[in-house]
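The residues making up each chain are set out below.
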Amino acid sequence: MEILKAIHSDATIVALLARITFTETFGHYFRDKLDLENYLNWTFNVQKLQNSIAKPDNRYWLAKIEGLPVGYAKLKLNSPSPFVKESDCCQLQKIYVLKDFLSKKIGLALQNELLNEATSKSPKIWLSVLKENERAVRFYGKNGFEKVGDHDFQIGKEHFEFQAMAKSLW
């Protein structure tokens, strides 16, 4: 396994991984597939990801196995949360791994890279996770994150319930 920092030219790979992994993780929640397609087109288009990778507070990583991209992660520095009192915290925004590679501990490797970077920048990190995604909730809990609040998110006609989790880094 190889974990690499993503750069501008990796935006196409990140966009493709993002579309596939989001659909694998959340696609079954969408009754109207057009809502899903619109969200994917808006959120994970190449130009938007190129712009995101270029932002100074964003960090992306790609995970590869035998040269094949199989997952990615995103950290956002300077990302205050209404659930965390520290204003200089960062946010673990994404860790996604292709379904066929979930058993290979790629998510943990991505998280470790992300946490190494976060620890040098902020005293605390937070994230949002779909409450129904029990696998992810257990993963973060096992890795020291604790529930700090709840919030909702709407995509098209679908309503999602998330929980915020946080972890001290220092």
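Preceding this paragraph is the structure being described.
In short, a report on the structure. None of these values were measured; they are calculated from a predicted model. (Residues numbered from 1 in each chain as written. Predicted model: local features only at pLDDT ≥ 70, side-chain atom pairs only at ≥ 80, totals over all residues. Heavy atoms only, no water.)

1. Concerning the environment of Ser168
Point 1. You can see Ser168 is positioned in strand β7 (residues 158-168).
Point 2. C-alpha separation for the pair Ser168 and Pro123, spaced 45 residues apart in sequence, amounts to 6.0 Å.
Point 3. Sequence-distant contacts of Ser168, defined by excluding residues within four places in its chain, comprise Pro123 and Lys124. (Helix = DSSP H or I, 4+ residues; strand = E, 2+ residues; numbered from the N terminus. Contact = heavy atoms within 4.5 Å.)

2. Description of the pairing of β7
Point 1. Note that strand β5 (residues 124-130) and β7 share seven bridges and pair antiparallel. Residue pairing across strands places Trp126 opposite Ala166, the latter belonging to β7.
Point 2. Here strand β6 (residues 146-155) pairs with β7 via nine bridges, running antiparallel. Its bridge partner lying in β7, Glu146 is registered against Ala166.
Point 3. Hairpin connection from β6 to β7: two residues lie between these consecutive antiparallel strands, with Gly156 at a positive phi of about 60 degrees. (Pairing = 2+ DSSP bridges.)

3. Comments concerning the pattern of salt bridges
Opposite charge on two side chains permits pairing when their charged atoms draw close.
Point 1. With the rule as written, the count across this model stands at seven salt bridges.
Point 2. With a closest N to O distance of 3.0 Å, Glu158 and Arg31 form a salt bridge. A residue pair is termed long-range when its members are at least 10 positions apart, and Glu158 in strand β7 and Arg31 in the loop between α1 (11-26) and α2 (33-43) qualify at 127 residues.
Point 3. With a relative accessible area of 67%, Arg31 lands in the exposed category.
Point 4. As a salt-bridge pair, Asp35 and Lys157 come within 3.1 Å of each other at their nearest N and O atoms. Note that Asp35 is positioned in helix α2 and Lys157 in the loop between β6 and β7, a separation of 122 residues in sequence.
Point 5. A single salt-bridge network, built from bridges that share partners, covers Lys5, Arg59 and Glu117. (Salt bridge = Lys/Arg side-chain N within 4 Å of Asp/Glu carboxyl O. Buried < 20%, exposed > 50% of the residue type's maximum accessible area, 1.4 Å probe, protein only.)

4. As for the packing of aromatic side chains
Any two aromatic rings considered together are summarised by their centre-to-centre distance and by the angle between their planes.
Point 1. Summed over the entire model, instances satisfying the criterion amount to 13 aromatic pairs.
Point 2. With a centroid separation of 6.5 Å and 40 degrees between ring planes, the pair formed by Phe26 and Tyr29 is classed as tilted.
Point 3. Among the residues examined, Phe26 registers a relative accessible area of 8% and is labelled buried.
Point 4. Aromatic rings pair up to connect Phe22, Phe26, Tyr29, Phe30, Tyr39, Phe44, Tyr72, Tyr96 and Phe160 into one cluster. (Phe/Tyr/Trp six-rings, centres within 6.5 Å; stacked < 30°, edge-to-face > 60°.)

Without other data, these values stay purely geometric and don't point to any function.
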